[in-house]
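# Summary of the model geometry
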Amino acid sequence: MKNTIGDSFAITIFGESHGEYIGCVIDGLAAGIKLDLAKINHDLTLRRPAGVISTSRIENDDFKIISGYFNGYTTGSALTIIIPNANTRSKDYESLKYLPRPSHADYAANMKYHGYQDYRGGGHFSGRLTAALVIAGSIAKQILENHNILVGSHIQRLAGIDDELFANNPIEQIKAMNDKLFAVLDNNKGDLMVEAIKNAAANKDSVGGIIETAVVGMPEGIGEPWFDTVEGILGKMIFSVPAVKGIEFGAGFKMSDLKGSEANDPFAYEHEKVITLSNNSGGINGGITNGMPIIIHTAIKPTASIAKPQKTVNLIKKENAILEISGRHDPAIVHRARIVIDSVVAIGLVDICSMHYGTDWQRG
């Protein structure tokens, strides 16, 4: 089982959904970085369930830093953070041990780990572990902000309802989104999305959507061609998040329907700075940043746990079965996932910049 990602700035996650703790270890974090713990708590709030459109499992996420931190600053050694699991109901999963839930990792995990995996609440595959990613990501965002690099996301689409897209220079929009529990640019569309989630929950079903992420302030010339491209590193980070099923950079798949004259981003000078007049490439050319906003679209599937009867198999009896899932589940996770996407993008960017400039760059 591989639990570590990153080279110069590496994140290891550990724990299971119903274990005593979850947490993360950050290695490659420079000494002398002042951490704003209030910002970390704020980001955890954005991931936490909110009312009837989310699961009723509420965790306080009272994290504790147990190494690599002294007198308010990082020490340069591995930063280790633990988060207790306080609100578990493991009995809800007893009947699921041999009944794999459709579109969950249950069956694949059972085959890989030969039945020894912790199946309660999805175990190590659970979205619960994204709390640890959010903490690491919040630290990464603080490092980026010291270099005037901002990361932010909004719900571009949910249940077929479209929000506006980010503007060409979305600095103020990013700042606004980072304070919203339900991150949309058009609040009226947000109200429609919330109703769609409620309707899905009432029908024992779930909905998915698309998250649009923007990064502004990233310098030109960062990244590598071929095997350590910016898209490759960020794509690997994003695909590590549960429920992610697709990623586009810039215009993405729409580029396939355009002519070269339509898809190309012409260059121009603006205030003695080179810009592109359009941004179909999403701020990246040849795997390397070009100074324009990095634009990413991430597809989030509908929550797999639904209360409708579903076909499955009984792994002990080796026969077909019908499964009706009980317990506490989200009718949508898109609104909670957007801070997780922000977090893994920020982690990836700090890793990329640390490889380019060295880890002392992290201090600002």
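Anything mentioned here points back to the structure above.
Now for a description of the structure that goes with this document. Keep in mind that this is a model prediction, so the values were computed, not measured. (Residues numbered from 1 in each chain as written. Predicted model: local features only at pLDDT ≥ 70, side-chain atom pairs only at ≥ 80, totals over all residues. Heavy atoms only, no water.)

## Here's the deal with the overall build of the chain
The secondary structure content of the chain amounts to eight helices and 18 strands. Computed over the C-alpha atoms, the radius of gyration of the chain is 21 Å, within 12% of the 21 Å expected from 2.2 N^0.38 for a compact globule of 364 residues. Once the C-alpha set of the chain is aligned to its principal axes, its extents read approximately 70 × 50 × 35 Å. For the chain, with 364 residues in total, the buried portion stands at 52%. Pairs at least 24 apart in sequence give 72% of the contacts found in the chain among residues at least 6 apart. For the chain, the exposed surface amounts to about 17,100 Å²; the carbon and sulfur share of it is 53%. Separation between the mean location of the 35 positive side-chain charges and that of the 40 negative ones in the chain comes to 9 Å. (Helix = DSSP H or I, 4+ residues; strand = E, 2+ residues; numbered from the N terminus. Rg over C-alpha atoms; globule rule 2.2 N^0.38 Å. Buried < 20%, exposed > 50% of the residue type's maximum accessible area, 1.4 Å probe, protein only. Contact = heavy atoms within 4.5 Å. Areas by Shrake-Rupley, 256 points an atom, 1.4 Å probe, with all protein chains shown as cover. Lys, Arg positive; Asp, Glu negative; His and termini not counted. Charge placed at Lys NZ, Arg CZ, Asp CG, Glu CD.)

## Notes on the sheet that holds strand β4 (residues 64-67)
The strand order β1-β2-β3-β7-β4 describes an open sheet built from five strands, whose pairing is antiparallel. Strands with a single pairing partner mark the edges of an open sheet, and in this sheet they are β1 (4-5) and β4. Those strands touched by helix α3 (residues 130-145) are β2 (10-15), β3 (21-27) and β7 (79-84), and its axis lies near 30° from that of β3. (Pairing = 2+ DSSP bridges. Axes fitted to C-alpha atoms, helices over the stretch in contact; angles between N-to-C directions.)

## Observations regarding the packing of aromatic side chains
By the definition in use, this model includes two aromatic pairs. Seen from their ring centres, Tyr113 and Phe125 are 6.4 Å apart, and the 50° between their planes marks the pair as tilted. Taken together, the residues span a long stretch of sequence, with Tyr113 in helix α2 (residues 106-113) and Phe125 in the loop between α2 and α3 at a distance of twelve residues. Ring geometry for Tyr357 versus Trp361: centroids 5.9 Å apart, planes at 15°, classification stacked. In this arrangement the basic side chain of Lys34 is found over the ring face of Tyr73, its NZ or CZ atom lying 5.3 Å from the centre. (Phe/Tyr/Trp six-rings, centres within 6.5 Å; stacked < 30°, edge-to-face > 60°. Lys NZ or Arg CZ within 6 Å of the ring centre and 35° of its normal.)

## Considering the layout of surface pockets
The space that makes up the second largest pocket amounts to roughly 820 Å³. Considering the residues around the second largest pocket, the lining is formed by 33 residues, among which Ala167, Asn168, Asn279, Pro293 and Ile295 are closest to the centre. At the level of elements, β8 (150-158), β10 (209-216), β13 (273-276) and β16 (294-300) are the ones that each hand at least two residues to the lining of the second largest pocket. (1 Å grid on protein atoms, 1.4 Å probe; cavity = no way out; pocket = protein on both sides within 12 Å on 5 of 7 lines; lining within 4 Å. Points joined across faces, edges and corners; volume = space filled by probe spheres on them.)

## Focus on empty space enclosed by the protein
Evaluation of the coordinates by the stated rule reveals one cavity of 30 Å³ or more. What the largest cavity holds in volume is close to 30 Å³. Among the elements of the structure, α3 and β8 are those that each provide at least two residues to the lining of the largest cavity. Residue classes in the lining of the largest cavity are distributed as four nonpolar, one polar and two charged. (Nonpolar A, V, L, I, M, F, W, Y, C, P; charged D, E, K, R; others polar.)

## Description of the nonpolar core
Within the largest apolar cluster, 77 residues are counted, with the highest numbers of intra-cluster contacts made by Phe9, Ile11, Ile139, Val345 and Leu349. No other element matches helix α8 (residues 334-357), which puts 13 residues into this core. Apart from the residues within four sequence positions on either side, Ile11 is in contact with Asn3, Thr4, Ile5, Cys24, Val25, Ile26, Ala136 and Ile347. (Core = buried A, V, L, I, M, F, W, Y, C linked by side-chain atoms within 4.5 Å.)

## Details of α2
Listed as buried for α2 are Asp106, Ala109, Asn110 and Tyr113. Seen from one end, α2 has its buried residues packed into an arc of 100°, which puts them on one side. Phi turns positive one or two residues past the end of α2, at His114, with a value near 60°. (Arc of directions from axis to C-beta.)

## Some remarks on the sheet that holds β16
Strand pairs in the sheet, formed through backbone hydrogen bonds, run parallel or antiparallel to each other. In space, the five strands of this open sheet follow the order β9-β8-β10-β16-β11, with antiparallel pairing throughout. Whereas interior strands pair on both sides, the edge strands pair on one side only; in this sheet they are β9 (161-162) and β11 (244-249). With eight bridges joining them, β8 and β10 adopt antiparallel strand pairing. Paired with Leu150 across the bridge in β10 is Val216. Its contacts with the sheet put helix α6 (residues 230-239) on β11 and β16, and the angle it makes with β11 is roughly 155°.

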